[in-house]
Amino acid sequence: MKFIYKPLIITLVLISQSLNAKPSFEVYLANLKLEAVGQGYTNEFIEEVFTNVSYREKTVVADKNQPETKLTLDRYLATRVPDWKVKKAVDLMEKHQVILNRVEQQFGVQKRFIVALWGNESNFGKITGTHSVINSLVTLAYEGRREALFKKQLFAALTILKQGHVKKEDFLGSWAGAMGQSQFMPTSFLDYAIDFDNDGRKDIWNNTADVFASIANFLKSEGWSEDITWGRQVSVPDNFDFNVAGLQSSKKRLLAHWQKLGVRRYDGQDLPQVGLKASLINPDGKNGRLYLVYDNFHTLMKWNRSSYFGISVSYLSDRIKKGS
Ligand SMILES: [Ca+2]
């Protein structure tokens, strides 16, 4: 039986390809398994990992119905950073201060940003997702709109399991495959996750030391500087020319330049007199909130390309600093 298994599957794949039709999920899955074995994983490992994998219609529906950014930034911030979340962030920073101080010192990332990302991604570890990572990634790869991306994530996920950081039954995440308290995609896990408590496993699901260090390591690796903050809300004069706004590196200017153009802190005071470059952004157009953001904000954009996300993390970090 085993002898005819692979040729049979290959024949099925070839038939479906020759008909130029999308293969069935079963054929697609069999093909993925062959590819994984071809990459050096054993049959036993692959058969065990793919046990009970099935096509999840709900995952595809969730992927297709992702909300577009229709909320205004004001509304988004009110939803993402309510007062209870600020209070919880302040309390948890106090509770975990010993480990956070160590992580801050070792990685050079201010702890308020680590806690703000933790709060934004998983409500401080409370909501980490209950979907099988393997099942979600196989389903999304099969669905096909971003097959290459999800296949890459799937093979990274196999590596994570192979390395033994998490048990198969605990290998859970969002419907899109974002995992654990930091909601890392599998490739981010392989690039940035840290075993901070030295127990041999990078456990971003259950170990807060590993979670904090992994978040900090992502930021540090992507260019974070502890010497600066993220930026600030600003105001501009009437008839300001917004063609200078944008996150493109060609639009970064020294603070002195922005000061000359009439940009001020939101309370009307002059901008800081330091030799830093900043980008002016206006996510909701010229009538919405305006910000001058430093390179650390560009690093947050590497975590998530949404400027709304970056601003909500930054805003929460400022509220944490303020203490309320
Ligand atoms: Ca660990």
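A short tour of the structure in this document, coming up.

1. Some details on unusual backbone geometry
Then comes step 1: Residue Phe-124 is not a glycine yet carries a positive backbone phi of 60°.
Then comes step 2: Classification of Phe-124 as buried rests on a relative accessible area of 7%.
Then comes step 3: Of note, the phi angle at Asn-239 is positive, near 60°, even though the residue is not glycine.
Then comes step 4: Mapped onto the elements of the fold, Asn-239 is located in the loop between strand S3 (231-235) and strand S4 (253-254).
Then comes step 5: Overall, Asn-239 belongs to the exposed group, its relative accessible area being 81%.

2. A look at the sheet that holds strand S7 (residues 290-293)
Then comes step 1: Pairing is antiparallel in the open sheet, where five strands are placed in the order S4-S6-S7-S3-S5. Where the open sheet ends on each side, the last strands, each with one partner, are S4 and strand S5 (264-265).
Then comes step 2: Across two bridges, the pairing between S4 and strand S6 (residues 277-281) is antiparallel. Paired with Leu-254 across the strands is Lys-277, a residue of S6.

3. Here we look at the packing of aromatic side chains
Given two aromatic rings, one states the distance between the centres and the angle between the planes to describe the pair.
Then comes step 1: With the rule as written, the count across this model stands at 19 aromatic pairs.
Then comes step 2: Between the aromatic rings of Tyr-28 and Tyr-142, the centroid separation amounts to 5.3 Å while the plane-to-plane angle is 65°, which identifies the pairing as edge-to-face. Of this pair, Tyr-28 sits in helix H2 (residues 25-38) while Tyr-142 sits in helix H9 (residues 133-143), and the two are 114 residues apart along the sequence. Of the two residues examined, Tyr-28 and Tyr-142, each falls in the buried class.
Then comes step 3: Aromatic side chains Trp-230 and Tyr-291 sit 5.9 Å apart centroid to centroid with 55° between the ring planes, which places their arrangement in the tilted category. On the criterion of sequence distance, the pair formed by Trp-230 in the loop between helix H12 (208-221) and S3 and Tyr-291 in strand S7 is long-range, its members being 61 residues apart. Both residues of the pair, Trp-230 and Tyr-291, count as buried.
Then comes step 4: Feature note: the residues Phe-25, Tyr-28, Tyr-55 and Tyr-142 constitute an aromatic cluster, connected by ring pairs.
Then comes step 5: In this arrangement the basic side chain of Lys-22 is found over the ring face of Tyr-142, its NZ or CZ atom lying 4.4 Å from the centre.

Scoring rules and cut-offs
Residue numbers run consecutively from 1 along every chain, following the written order of its sequence. Per-residue local features of the predicted model are confined to residues with pLDDT of at least 70, and side-chain atom pairs are confined, for both listing and counting, to 80 or more; whole-chain, interface and lining totals are unaffected and use all residues. For side-chain calculations, the full set of non-hydrogen atoms in the structure is used, while hydrogens and water are omitted. Throughout, exposure labels follow a simple rule: accessible area from a 1.4 Å probe, protein chains only, divided by the maximum for the residue type, with under 20% read as buried, over 50% as exposed, and the rest as partly exposed. Secondary structure elements are taken from DSSP: a helix is a run of H or I of four residues or more, a strand is a run of E of two residues or more, and numbering for both begins at the N terminus. Note: two strands are recorded as paired if DSSP finds a minimum of 2 bridges between them. For Phe, Tyr and Trp, rings pair up if their centres lie within 6.5 Å, where Trp contributes its six-membered ring, and each pair is then called stacked (planes under 30 degrees apart), edge-to-face (over 60) or tilted (otherwise). Cation placement over rings: the criterion is NZ of Lys or CZ of Arg within 6 Å of the ring centroid and within 35° of the ring normal.

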